[in-house]
Amino acid sequence: MLDLHRLRTLREFALRGTVTEVADVLGYSPSAVSQQLAALEREAGVPLLRRSGRRLLLTPAGQELADAAGPVLGLVEEVQTRLRAGDDSPGGTVRLAVFQSAALALLPTALPMVARTAPRVRVEVTQSEPAQALEDTWSRDFDLVVAEEYPHHSAPHYDGLTRVTLIRDRIALATPSGSPTSLAEHRDSAWVMEPRGTASRHFAEQLCRVAGFEPDVRYETADLQAHLALVRAGLAVALIPGLMWPSAPDGIVRVELDDAMHRTVFAAFRDASATDASIRATLTALTSAAQQVAAA
C-alpha cells in the first residue's frame, strides 16, 4: 500500500523540481523529504528517482506515479469532504490566499461574518500574488484563493479548480487635484505602476500605448496604497481598481476612462472540496462582502 503523505511529497517534487523547494512547501526538513521519497520508492518496488550530476530527477515510473497521485489525492479529499458534510456545524481550518487590494476591501467584512455564521471555522490568511496563489491552491497549499484578471489578460487556468466571480472591479485614473482629467493628457506625467511581468502592469502600459504614448514609469511597487500616496503627493498618476477607491485619501481625483475597463476579482477552489462546509461558509462571506463593496 502506498502512503498518501509520501505520494503528495512525490507530487510536490514533480511540481517544484528540488527537494529544498518541497521542504519549504510542506514544512519539512530536506532530509525528511528525502527520507519520504526513499520510503515511497521502497513501497513502489521500482526506482522513482535518479541522479543526473547534482540534480535529482524522476524516472519514467516516478513521473507516472506523480501524475497518478493528483487524481488519487483529489479522490481522498472528496471522500473526506463528504464524510464531514454530515456535521451540524462546519469546522476546521480554511487556508485562504488573497492579494492586497482584495484583502483590504473584503476581509474586514468577510472574516467577522465567518466568525458569526461558522464559529468553529478557523481562517488562515496569506497574502499572495494571484498567479502563484492559483497554482498553490491547485497543488493543495491553499484551500481557497481570491485572485484577479485584467481585460485581455486571463489568469492561469488549472484543471480541477472551480472559479466563482466575486466582483467586476471598475478601473479609473487617479490624479492629483488640479491635474488634467484625461488619460491622453498625461503623456508627460510620471506614472506609478506594479512591477514588470504582472498582468496589471501590462494592462496599464497597453492602455497608455493605445492612447498614443509610452508612459514614464518612474515608480514601481506592488503596494497599491503606495500608489495612492504618490498620487496624493502630486508625484505620479496611476490606474487604480475600484476596491482601492473607498480607502483613497483626500486630494485624489477619480477620472473615469472613456471606455469602461474592469478587472474581475474571483475566488477559486478545488473541485474535490466543492461541498466542504467550511470552504462554502468562507466563500459565502467573501461573496457577501464583495456585494456590499459593489453596492457602496
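For the structure, see preceding data.
Not measured: the values here are computed from a predicted model.

Rules behind the numbers
- Residues numbered from 1 in each chain as written.
- Predicted model: local features only at pLDDT ≥ 70, side-chain atom pairs only at ≥ 80, totals over all residues.
- Heavy atoms only, no water.
- Pairing = 2+ DSSP bridges.
- Helix = DSSP H or I, 4+ residues; strand = E, 2+ residues; numbered from the N terminus.
- Axes fitted to C-alpha atoms, helices over the stretch in contact; angles between N-to-C directions.
- Contact = heavy atoms within 4.5 Å.

This part takes up the sheet that holds strand 9 (residues 238-241). With mixed pairing, the six strands of this open sheet are ordered in space as 4-3-5-10-6-9. Since the sheet does not close on itself, it has two edges, and those belong to strand 4 (120-127) and strand 9, each with one partner. Direction aside, neighbouring strands of the sheet carry axes that sit 25° apart on average. Looking at chain direction, strand 5 (residues 144-149) and strand 10 (residues 252-270) are connected through six bridges and run antiparallel. Paired with E149 across the two strands is T264, which belongs to strand 10. Here helix 5 (residues 100-117) sits on the sheet and contacts strand 3 (91-98), strand 4, strand 5, strand 6 (161-176) and strand 10; the angle it forms with strand 4, its principal contact strand, is near 170°. Strands strand 3, strand 4, strand 5, strand 6 and strand 10 of the sheet are contacted by helix 9 (residues 277-295), whose axis makes an angle of about 30° with strand 6.

Relative to the helices and strands, R16 resides in helix 1 (residues 4-16). In contact with R16, not counting residues within four places along its chain, are E21, V22, V25, Q132, E135, D136, S139 and D141.

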